[in-house]
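Observations on the model geometry
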Amino acid sequence: MTAPADDRPRCPVDHLDLLDPDTFADGPPREAFRQVREAQPVYWFPQQDAHHGGFWVVSLLEDVREVSRQPEVFSSAERGAIFTGKSALDEEVMIASTGLLMLNMDPPQHSAQRRVVQRAFTPRVIRDLEVRLVDIAHEIVDRALEKGSGDFVRDIAAELPLLAICELIGIPAEDRQKIFDWTNRLIGFDDPELSSSQEDGELAMLEMYVYANELALLRQAEPQDDIISLLLQADFDGEKLTPDEFNTFFLLLCVAGNETTRNAIAHGMRAFFENPSQWELFKQTRPATAVDEIIRWATPVIEFQRTALSDYVLNGQQIRKGERVVLYYSSANHDSMAISDPEVFDITRADNEHVAFGGGGPHYCLGVQLARAEVRIIFDVIADRLPNIAPTAPASTLRSAFLDGIKALPVRYA
Ligand code: HEM
């Protein structure tokens, strides 16, 4: 099944280990990725693992798009979309525990579930939510101002995304801290400061399941005017989520919608600190293009994977059936063939066709409008009410080869 190893081009950069979280400890390896894009944009990363033997690295924006838009060739279900990079056994565990996530499904199963959950993300739902989010953003900033100084990530960046999901789904206020802790434990297991162990991550996942299950059963028995009830009730086509499907969807939302947007906001603030003229420009003109530039700059999700269901030639490289293909969004968003002067943070950038939300296709981020609204709202409120916000110490970053995260960003608020 697998081609002779020598056929496949190797990484053009010495010692670039994309599996090692330390490679990303201070942010993605920008210069190494640049050399990869120039010298060998699609290459094979061999692994000492009898089961898979390695994976293809995809570094250019157009190639990320080409793969994302062909689910019939590049499957999310075969080995899941979440690339553990670890052993075959770890991967089996991951697939077994996350197989019900829509992220790890292919059409038509994926399309059916996506149709149902889309009910929670209609323009009307998001518009109504935005009104609430403006109030919440002001409350968050009120609290920060009272403190005078603190950690921007904890005080501001983490708060809005979490509360937005809780508002969207209808999580009772008293349970929100629990959700914050669970999502931290789920994601942080490569970072010794945040957790924990894989076991602790799995335990957090289990606790979330139990919680969501109880909530689903409650709403099933007594529907309310909220999204949970809407998803659990059949529409005119008879489509709905079972409580089991709801549990996994809930888990996906809490992870997909939380850490990502939190890091987009934190990276955005840091980018403004590093580019004071852009902060001045933002405060004065509030260009609509700022939101997507912040999100491109942040690219919170470093990569997702697909598995080839048939042989395919991608940018001149022969991919064989069964091989894994890893889409490095964090490289693609700095691809100078697709984005002009990608190393410049420019909030007026037009035609910003970045792939931070994925390269299109059926899995394109479900929360894209919500994420954009959150980033727009929080930076508007910060610019209005904390115009002199300034860093007091350097940011500390997450040690992870999957999420480009900022753990802490000490600031004074006024
Ligand atoms: C800046 C913030 C965000 C970023 C960078 C981001 C990024 C992504 C990416 C890269 C994907 C995978 C796309 C693919 O495989 O082609 C994805 C999928 C997804 N995102 Fe987001 N996301 C963000 C915010 C959100 C929010 C706020 C929510 C919900 C509250 C959300 C919910 C989802 C869901 C449910 C999926 C799976 C969709 C599917 O499999 O059909 N995301 N996101």
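Heads up: the structure comes first, above all this text.
What this report covers is the structure whose coordinates are included nearby. (Residues numbered from 1 in each chain as written. Predicted model: local features only at pLDDT ≥ 70, side-chain atom pairs only at ≥ 80, totals over all residues.)

Time to look at the site of the ligand. Lining the immediate surroundings of the ligand are 29 residues, of which Gly 257, Thr 260, Gly 358, Cys 365 and Gly 367 lie closest. Elements supplying a minimum of two residues to the shell around the ligand: α11 (243-256), α12 (259-274) and α16 (368-385). (Near = placed C-beta within 6 Å. Helix = DSSP H or I, 4+ residues; strand = E, 2+ residues; numbered from the N terminus.)

Read from one edge to the other, the open sheet built from 3 strands follows the order β4-β12-β9, with strand pairing classed as antiparallel. In this open sheet, the two strands that pair with only one neighbour each are β4 (149-151) and β9 (390-391). Bridge count between β4 and strand β12 (residues 410-412): 3 bridges; the pairing is antiparallel. Bridge assignment links Ser 149 to a residue of β12, and that residue is Arg 412. (Pairing = 2+ DSSP bridges.)

Looking now at the nonpolar core. Val 58, Val 325 and Ile 378 are the most contacted members of the largest nonpolar core, which has 110 residues in total. Broken down by element, this core gets its largest block of residues, 9 residues, from α16. Setting aside chain neighbours within four positions, we find Val 58 in contact with Val 42, Asp 63, Val 64, Val 67, Val 325, Val 326, Leu 327 and Tyr 328. (Core = buried A, V, L, I, M, F, W, Y, C linked by C-beta atoms within 7 Å. Buried ≥ 20, exposed ≤ 12 C-beta atoms within 10 Å, placed from the backbone. Contact = placed C-beta atoms within 7 Å.)

Residues Gln 278, Trp 279 and Phe 282 constitute the buried set of helix α13 (residues 276-285). Viewed along the axis of α13, the buried residues span an arc of 105°, placing them on a single side of the element. Away from the buried face of α13 by more than 90 degrees, exposed residues Pro 276, Ser 277, Glu 280, Gln 284 and Thr 285 are located. Contacts made by the buried residues of α13 are with α12, α14 (290-298) and α16. Arg 286 occupies a position one or two residues after α13 and carries a positive phi of about 45°. (Arc of directions from axis to C-beta.)

Turning to the sheet that holds strand β3 (residues 74-75), a few remarks are in order. Taken in spatial order, the 5 strands line up as β1-β2-β8-β5-β3 in an open sheet, and their pairing is mixed. The sheet terminates laterally at β1 (42-46) and β3, the two strands that pair on one side only. Here helix α2 (residues 61-68) sits on the sheet in contact with β1, β2 (54-58), β3, β5 (303-308) and β8 (324-328), set at roughly 130° to β8. (Axes fitted to C-alpha atoms, helices over the stretch in contact; angles between N-to-C directions.)

Once that is clear, we can look at the pairing of β8. Of all 5 residues in β8, 5 are buried, a share of seventy percent or more. The alternating pattern of β8 places Arg 324, Val 326 and Tyr 328 and Val 325 and Leu 327 on opposite faces, both of which are buried. Bridge analysis of β2 against β8 gives 4 bridges, and the strand direction is parallel. Its bridge partner lying in β8, Phe 55 is registered against Arg 324. In this sheet, β8 lies alongside β5 in antiparallel orientation, the contact comprising 5 bridges. Looking at β8, one finds that Glu 303 is bridged to Tyr 328.

Attention shifts here to the environment of Ala 32. Position of Ala 32 relative to the elements: it lies in helix α1 (residues 30-39). Residue class for Ala 32 comes out partly exposed when judged on the 18 C-beta atoms lying within 10 Å of it. C-alpha separation for the pair Ala 32 and His 15, spaced 17 residues apart in sequence, amounts to 9.8 Å. Not counting residues within four places of it along the chain, the set of residues in contact with Ala 32 comprises Val 13 and Leu 16.

It is the contact of helix α9 (residues 198-221) with α11, at a shortest axis distance of 9 Å, that shows an interaxial angle of 125°. Between α9 and α11, the interaxial angle falls into the category oblique. Judged by the sense of rotation from one axis to the other, the crossing of α9 with α11 is right-handed. Mapping the contact onto sequence places Met 205, Met 208, Tyr 209, Ala 212, Asn 213, Ala 216, Leu 217 and Gln 220 in α9 and Pro 243, Phe 246, Asn 247, Phe 250, Leu 251 and Cys 254 in α11. Partitioning the contact of α9 with α11 into residue classes produces 11 nonpolar, 3 polar and no charged. (Parallel < 35°, antiparallel > 145°, perpendicular 65-115°, else oblique. Left-handed = near helix turned anticlockwise from the far one by under 90°. Nonpolar A, V, L, I, M, F, W, Y, C, P; charged D, E, K, R; others polar.)

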